[in-house]
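# Structural overview for review
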Amino acid sequence: MSAYVIFDVEIRDMSRYQEFMKGVKPALDAAGARYLARGGAHKVYEGDWEPRRIVVLEFPSVAAWEEFYTGPVYQGLKAIRDECSSARLVSVEGLAP
C-alpha cells in the first residue's frame, strides 16, 4: 500500500533551502516517490492549525518511506534542510486497492 508523507515546513533561508531541493528531487525519484502537492496555496477550514508551506509526497509503501527517510542520502540532505528550515511531518498508510 502507498504511504503519504505530509510536511509542514517553515523556511528561514530560501537560497539554502533551494540547495536542499536540488538534491532531494533526484533522491525522491530514485525512491519511487512523487510530489502530490508542494507549497501551493492552502486554506484552513477547521481547527487552529496554521501550516506554513505544505508538501505532500506519495511513496510506494511505508517501508519505502522509512528506508528513504533513515537512509544516508536523505539524512545528508536533511542536515541541509535543518540548517535553513524547521518542519513537522507525518506519514500515513494509504488504503488497500
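Residues numbered from 1 in each chain as written. Predicted model: local features only at pLDDT ≥ 70, side-chain atom pairs only at ≥ 80, totals over all residues. Heavy atoms only, no water.

## With respect to the pairing of strand E1 (residues 3-11)
Inspection of the sheet shows E1 paired to strand E3 (residues 53-59) by seven bridges, in the antiparallel sense. Looking at the pairing, alanine 3 lines up with phenylalanine 59 of E3. Relative to strand E4 (residues 85-93), E1 is paired through nine bridges, and the arrangement is antiparallel. Bridge assignment links aspartate 8 to a residue of E4, and that residue is arginine 88. (Pairing = 2+ DSSP bridges. Helix = DSSP H or I, 4+ residues; strand = E, 2+ residues; numbered from the N terminus.)

## Re the confidence of the model for the protein
Chain-level pLDDT for the protein is 96 on average; 100% of the residues reach the 70-or-more range. Per-element averaging of pLDDT across the protein places helix H1 (residues 14-30) at the bottom with 96 and helix H2 (residues 62-70) at the top with 98. (pLDDT = per-residue confidence, 0-100.)

## Thoughts on the environment of glutamate 19
Its location among the elements puts glutamate 19 in helix H1. Note on glutamate 19: relative accessible area 42%, which makes it partly exposed. In this structure, the C-alpha to C-alpha distance between glutamate 19 and alanine 30, residues 11 residues apart in sequence, is 18 Å. (Buried < 20%, exposed > 50% of the residue type's maximum accessible area, 1.4 Å probe, protein only.)

## Here's the deal with the packing of aromatic side chains
Under the counting rule described, the total for this entry stands at nine aromatic pairs. Relative to tyrosine 74, the ring of phenylalanine 20 lies with its centre 6.3 Å away and its plane at 70°, an arrangement referred to as edge-to-face. Taken together, the positions of phenylalanine 20 in helix H1 and tyrosine 74 in helix H3 (residues 72-84) put the pair 54 residues apart, joining distant regions of the chain. When its relative accessible area of 2% is taken as the criterion, tyrosine 74 is described as buried. Put simply, the rings of Phe7, Tyr17, Phe20, Phe59, Trp65, Phe68, Tyr69 and Tyr74 touch in pairs and so form one group of aromatic residues. (Phe/Tyr/Trp six-rings, centres within 6.5 Å; stacked < 30°, edge-to-face > 60°.)

## So, the nonpolar core
By size, the foremost hydrophobic cluster in this structure holds 20 residues, and its most contacted members are Phe7, Phe20, Val24, Leu28, Leu57, Phe59 and Phe68. At the level of elements, E1, H1, E3, H2 and H3 are the ones that each hand at least two residues to this core. Ranked by residues supplied to this core, first place goes to H1 with six residues. Each residue touching phenylalanine 20, except ones within four places of it in the same chain, is listed here: Tyr74, Leu77, Ile80 and Arg81. (Core = buried A, V, L, I, M, F, W, Y, C linked by side-chain atoms within 4.5 Å. Contact = heavy atoms within 4.5 Å.)

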